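Structure at a glance
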Amino acid sequence: MNYTNYIKLAVLNLVIAFTGVICYSPGLLNLRPSDPGVLRPGMSIFMAFVLIFMFFYGNHSLLSEPKRSRVSKDSVNDMKKAGMLLKSYFTSRPLGDTARVASEQLRRMNNLFENTENIISEKFEKGSMSWSKYDSIVKSAEQSAVSNVVSMANRMQIFGDRDYEKLTRYKTDQIPDDIQEKQLELYEENLQKIKDAIALNEELLLKIETLMFELSSEKDNEEHDEILEEIEKLTNEVKLYN
């Protein structure tokens, strides 16, 4: 569990305690089941159930490791869904920072592809051969980048936050160190592959950005074709990586 969840846990329990004091302390609401009438005894019992539920459910939710399941590229096929997938890892202690970097990359990716596609539509007549060539290459790059994000998230899913943190303290337990060192090495290799995927996406984004600025200028199509070839090459690399 990360520090943010510890803060949430502390705030939750303070709110529960403060609410209990207000409801049941003499001099304040002083609710009692034995109070005359129906409203106050009913409110006393109702608030007791609410506070108990908040305590057990809230603490369980914050202390439990979030459940994450593998997803397919077909079920996550756009930027919005990919972004939601990454956000589910923000609270992970070993992966939170990496997930936030990937999420910020995805936000820039969304703007960049949208702007590039708009420039293509402005520069070439929609439906023309030139428009089709540029549009198909950029859209293919976009889908590959999103698929790469899904692959990242599925690699993140392999991490069990508690298991990973326990392995980082392997010298203090009774399990043979050499076994845990190999386990930790597997985790570290997987984390490096996630970071490599982010770097590969970043390289693809750089080429898309270059194409966008080149299309905005009046340079000849030969230079554009070279950039398109580089984008196609990187897109294929991303596909192989996935």
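Residues numbered from 1 in each chain as written. Predicted model: local features only at pLDDT ≥ 70, side-chain atom pairs only at ≥ 80, totals over all residues. Heavy atoms only, no water.

1. A short note on the overall build of the protein chain
What counts here: A run of DSSP states H or I qualifies as a helix once it reaches four residues; a run of E qualifies as a strand once it reaches two. Both are numbered from the N-terminal end. Exposure classes here rest on a 1.4 Å probe applied to the protein chains alone. A residue is buried below 20% of its type maximum, exposed above 50%, and partly exposed in between. Per-residue and other accessible areas follow the Shrake-Rupley method at a 1.4 Å probe size, with only the shown protein chains counted as cover for residues.
A tally of helices and strands in the protein chain yields eight helices and zero strands. For the protein chain, the sequential pattern of α-helices and β-strands runs α-α-α-α-α-α-α-α. A buried classification covers 39% of the 242 residues belonging to the protein chain. Surface summary for the protein chain: the accessible area is close to 14,600 Å², and the carbon and sulfur share equals 58%.

2. Section: the nonpolar core
Among soluble globular proteins, nonpolar side chains are generally buried collectively. To keep things clear, this is the line we draw: To define a nonpolar core, start from buried Ala, Val, Leu, Ile, Met, Phe, Trp, Tyr and Cys residues and group those joined through side-chain atoms within 4.5 Å. Throughout, a contact is declared for two residues whenever any of their heavy atoms are within 4.5 Å.
One finds Leu 211 and Ile 231 to be the most contacted residues of the largest nonpolar core, which totals 46 residues. Elements supplying a minimum of two residues to this core: helix H3 (79–87), helix H4 (96–123), helix H5 (129–158), helix H6 (161–167), helix H7 (177–216) and helix H8 (221–241). Looking at this core, the element that brings in the most residues is H7, giving 13 residues. Setting aside residues up to four positions removed in sequence, Leu 211 forms contacts with Thr 116, Tyr 134, Val 138, His 224, Ile 227, Leu 228 and Ile 231.

3. Here's the deal with unusual backbone geometry
Although it is not a glycine, Asn 30 sits at a positive phi angle of roughly 55°. Relative to the helices and strands, Asn 30 resides in the loop between helix H1 (3–24) and helix H2 (39–63). Judged by relative accessible area, which is 27%, Asn 30 ranks as partly exposed.

4. As for the packing of aromatic side chains
This is how it is decided: Only Phe, Tyr and Trp rings take part, Trp by its six-membered ring, and two of them pair if their centres are within 6.5 Å. Stacked means planes under 30 degrees apart, edge-to-face means over 60, and tilted covers everything else. Both a distance and an angle decide whether a charge sits over a ring: NZ of Lys or CZ of Arg must be within 6 Å of the ring centre and within 35 degrees of the ring normal.
A full pass over the atoms with the stated rule returns three aromatic pairs. Relative to Tyr 57, the ring of Phe 53 has its centre 5.3 Å away and its plane inclined at 5°; by these criteria the two rings are stacked. Taken together, the positions of Phe 53 and Tyr 57, both in helix H2 and four residues apart, correspond to about one turn of that helix. In this structure, Phe 53 and Tyr 57 share a single accessibility class: exposed. One residue, Arg 100, lies across the ring of Phe 90, its end atom 5.8 Å from the ring centre.

5. Observations concerning the pattern of salt bridges
Formally: What makes a salt bridge here is a side-chain nitrogen of Lys or Arg within 4 Å of a carboxyl oxygen of Asp or Glu, nothing more.
As enumerated under the stated definition, the model contains eight salt bridges in all. The closest approach of N and O atoms between Arg 100 and Asp 97, which form a salt bridge, is 2.9 Å. You can see Arg 100 and its partner Asp 97 sitting in helix H4, three residues apart, about one turn around the helix. For Asp 97, a relative accessible area of 55% corresponds to the exposed category. One salt bridge in this structure joins Asp 225 and Lys 133, with 3.1 Å as the shortest N-O distance. In this pair, Asp 225 sits in helix H8 while Lys 133 sits in helix H5, placing the two residues 92 residues apart along the sequence. Relative accessible area serves as the criterion here: at 36%, Lys 133 is assigned to the partly exposed category. The structure contains a network of salt bridges with shared partners spanning Glu 117, Asp 135 and Lys 139.

Any link to function would need more than the numbers given here.
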